[in-house]
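Descriptive analysis of the structure
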Amino acid sequence: MKPRLHVLWNETYCKRCLLCVEVCPVQVLSLERNEITEKEGCIRCYQCERYCPDIAIEVMDEKGKE
Amino acid sequence: MDRSYKDLLKLRRFPHTWCPGCGIGAVLKNVAMAVKELGWSDKNTVAVSGIGCSGRMSGYMNLDAVHTPHGRVLTSAETIKTIRPDLNVIVLSGDGDLTSIGGNHLLHTSRRNPDITVFCNDNEIYGLTGGQAGPTTPRGTKTITSPRGEPYSPLRLGHLLTQQAPYFYARTTVYHLNHFKKCIHEALVWKGFSFVDIVSDCIELNGRRLGFKTAHQMFKWFDERFHIVEGERDHLGENELGIARAVEEEVVPPAEKVEEKPEIPMASLKPFTLEELHRFDGTGGKPIYIAYKGKVYDLSSSPLFQGEKRMRCHIAGKDLTKDIDVAPHGEDLVFKFPAVGRLV
Ligand SMILES: Cc1ncc(C[n+]2csc(CCOP(=O)(O)OP(=O)(O)O)c2C)c(N)n1
Ligand code: SF4
Ligand code: SF4
Ligand code: SF4
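Residues numbered from 1 in each chain as written. Chains lettered and ligands numbered in written order. Predicted model: local features only at pLDDT ≥ 70, side-chain atom pairs only at ≥ 80, totals over all residues. Heavy atoms only, no water.

1. Some remarks on the overall build of chain B
Along the backbone of chain B there are 11 helices and 14 strands. Here chain B has a C-alpha radius of gyration of 34 Å; the compact-globule value for 344 residues is 20 Å, and the former is much larger. Its C-alpha atoms give chain B principal-axis dimensions of about 105 × 50 × 35 Å. Out of the 344 residues belonging to chain B, those deemed buried represent 49%. Pairs at least 24 apart in sequence give 67% of the contacts found in chain B among residues at least 6 apart. Just so you have it, chain B exposes about 17,200 Å², and 54% of that area is on carbon and sulfur atoms. (Helix = DSSP H or I, 4+ residues; strand = E, 2+ residues; numbered from the N terminus. Rg over C-alpha atoms; globule rule 2.2 N^0.38 Å. Buried < 20%, exposed > 50% of the residue type's maximum accessible area, 1.4 Å probe, protein only. Contact = heavy atoms within 4.5 Å. Areas by Shrake-Rupley, 256 points an atom, 1.4 Å probe, with all protein chains shown as cover.)

2. Observations concerning the pairing of strand S4 (residues 116-122) of chain B
Residues in a regular strand point their side chains to alternate faces of the sheet. Residues and elements named next belong to chain B. For S4, a buried count of seven out of seven residues is recorded, marking the element as mostly surrounded by other parts of the structure. Neither face of S4 is exposed, since Ile116, Val118, Cys120 and Asp122 on one face and Thr117, Phe119 and Asn121 on the opposite face are all buried. Judged from the six bridges that link them, strand S3 (residues 88-94) and S4 form a sheet pairing that is parallel. Counterpart to Gly94 in the pairing with S4 is Asn121. Sheet topology places S4 next to strand S6 (residues 194-199); six bridges connect them, and they run parallel. Looking at the pairing, Phe119 lines up with Val196 of S6. (Pairing = 2+ DSSP bridges.)

3. Here we look at the pattern of salt bridges
Here the structure, examined in full by the defined rule, presents 19 salt bridges over all chains. As a salt-bridge pair, Lys191(B) and Asp115(B) come within 3.9 Å of each other at their nearest N and O atoms. Of this pair, Lys191(B) sits in the loop between helix H6 (177-189) and S6 while Asp115(B) sits in the loop between helix H4 (103-112) and S4, placing them 76 residues apart in sequence. Note on Lys191(B): relative accessible area 67%, which makes it exposed. For Asp115(B), a relative accessible area of 25% corresponds to the partly exposed category. Glu204(B) serves as the salt-bridge partner of Arg208(B), at 3.0 Å between the closest nitrogen and oxygen. Note that Arg208(B) and Glu204(B) are positioned in helix H7 (residues 203-210) at a spacing of four residues, about one turn of the helix. One salt-bridge network, held together by shared partners, links Glu49(A), Glu58(A), Asp61(A), Arg3(B) and Lys6(B). (Salt bridge = Lys/Arg side-chain N within 4 Å of Asp/Glu carboxyl O.)

4. Some details on the interface of chain B and chain A
Facing 27 residues of chain B, the contacting portion of chain A comprises 20 residues. Regarding the contact of chain B and chain A, the summed buried area is about 2,100 Å², with carbon and sulfur atoms giving 55% of it. Ranking the residues of chain B by area buried against chain A places Met1(B), Arg3(B) and Lys29(B) at the top, with a combined share of 28%. Viewed at the interface, chain A and chain B are joined by four salt bridges. A salt bridge links Glu49(A) to Arg3(B); its shortest N-O distance comes to 2.7 Å. At the boundary of chain B and chain A, one finds 14 residue pairs in polar contact (both at pLDDT 80 or more). Put simply, the parts of the chain that give the side of chain B that touches chain A at least two residues each are helix H1 (24-37), H6 and helix H8 (215-225) of chain B. Classifying every residue of the side of chain B that touches chain A by side-chain character gives 16 nonpolar, seven polar and four charged. (Buried area = accessible area lost by both parts, 1.4 Å probe. Polar contact = N/O pair within 3.5 Å; in protein donor to acceptor, adjacent residues only side chain to side chain. Nonpolar A, V, L, I, M, F, W, Y, C, P; charged D, E, K, R; others polar.)

5. A closer look at unusual backbone geometry
Trans is the common state for peptide bonds, and a negative phi is the common state for residues other than glycine. Of the consecutive residues Phe14(B) and Pro15(B), the connecting peptide bond is found in the cis state with omega at -5°. One can find Pro15(B) in the segment before H1. Here Ala165(B) and Pro166(B) are connected by a cis peptide whose omega angle stands at 0°. You can see Pro166(B) is positioned in the loop between helix H5 (157-160) and strand S5 (167-173). A positive phi is found at Gln27(A), a non-glycine position, where the angle reads about 45°. Along the polypeptide, Gln27(A) turns up in the loop between helix H1 (19-23) and strand S3 (29-32).

6. Comments concerning the domain arrangement of chain B
Looking at the assigned domains, one finds that chain B contains domain 1 (4-246) and domain 2 (266-343). Between domain 1 of chain B and domain 2 of chain B, the C-alpha centre-to-centre distance is 69 Å. (Domains from an automatic or database assignment.)

Put into structure tokens, the structure is as follows:
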């Protein structure tokens, strides 16, 4: 699991299908050099995690919560 | 975010076999979530799959799982449920497996209404074998076996599976996620045969030929084609997503007509002695009388006595009280005939 700003990305499970990139309502995710990367602005809506068919992306729990 | 559903998946076999963006992964994941939410586990739940890309689903479930011959998924599932009614039986399979080669089993398993839940990954194509048209392929779709467009209308599963109560038929898509989750949950808790028709994407062997570049583009197409209908429904229209269900129509047996024969007072009946009775044995065109418990009955209309002096062991013109009490039939047989006198 590779940590990004707000999400954890699983390099081995991920098939680079781009679903997470396309469902993100604020378009902070992208595929660069074959890796899912994240820029600032995540609103923690969980859409990427909910739609990923490969269980390859998880939104990090907010520090101190859960 | 509760991620405990992962216990139900064989993560050591991940990444799974399906193409990037294939909807089957979403079906597997969301079914696992719903099963976990209900508190079901490997102790009480079995997953059964047929053949096809979709048929690989049960193999990724951390449950007892059966991978059956092509088309026989429902027969296997129904057998398991019959032998072990305490188990929750879920079927994870494809539209080709369930409705084409397995179509006959679908008809008859749904008719018998066993308490099993079917999740049909309906990608409107045969995925595993290379993208041939199947019975769920929409008319006009170009596939490798229908390069000029599929000429036939697809099976209307929504009609087929709702033609006779009880039934549970839900249609949803992998894109309409909240609706999808609701349908899975409702189907799992439904008592009886429930079928969830999940419109899903085969991006590699169907989507690309249709001009879609990513799974998400196919999702947008599902969004254009289908809309959600709320509330309780008997049936779903062609492009409607929702749940159609009905419980068994109660069969009210028609009230039996009880013919009340007015009780004839003994004293008003004509008196017969045994000798007099003896004469009415049906010979020479005479009527057939017998006595039973002090009354004389006219059995002339009985088809069993016609033209005969005796019917098996019962002899006409006699007091048959003892005979009838030991006969295999009841006395009701006698009471059907008119009482004509009393024995003195
Ligand atoms: C008896 C038999 N006939 C044909 C096949 C070839 N076959 C394998 S999978 C398949 C179709 C599966 O389609 P579907 O259930 O829609 O699954 P998908 O691959 O689309 O998920 C066929 C025809 C077979 N394996 N066995
Ligand atoms: S949705 Fe999942 S599998 Fe697809 S690119 Fe994103 S992380 Fe990878
Ligand atoms: S949680 Fe929402 S906003 Fe954040 S990366 Fe995922 S989809 Fe985008
Ligand atoms: S061929 Fe189609 S159905 Fe099979 S895994 Fe690939 S996308 Fe999914």
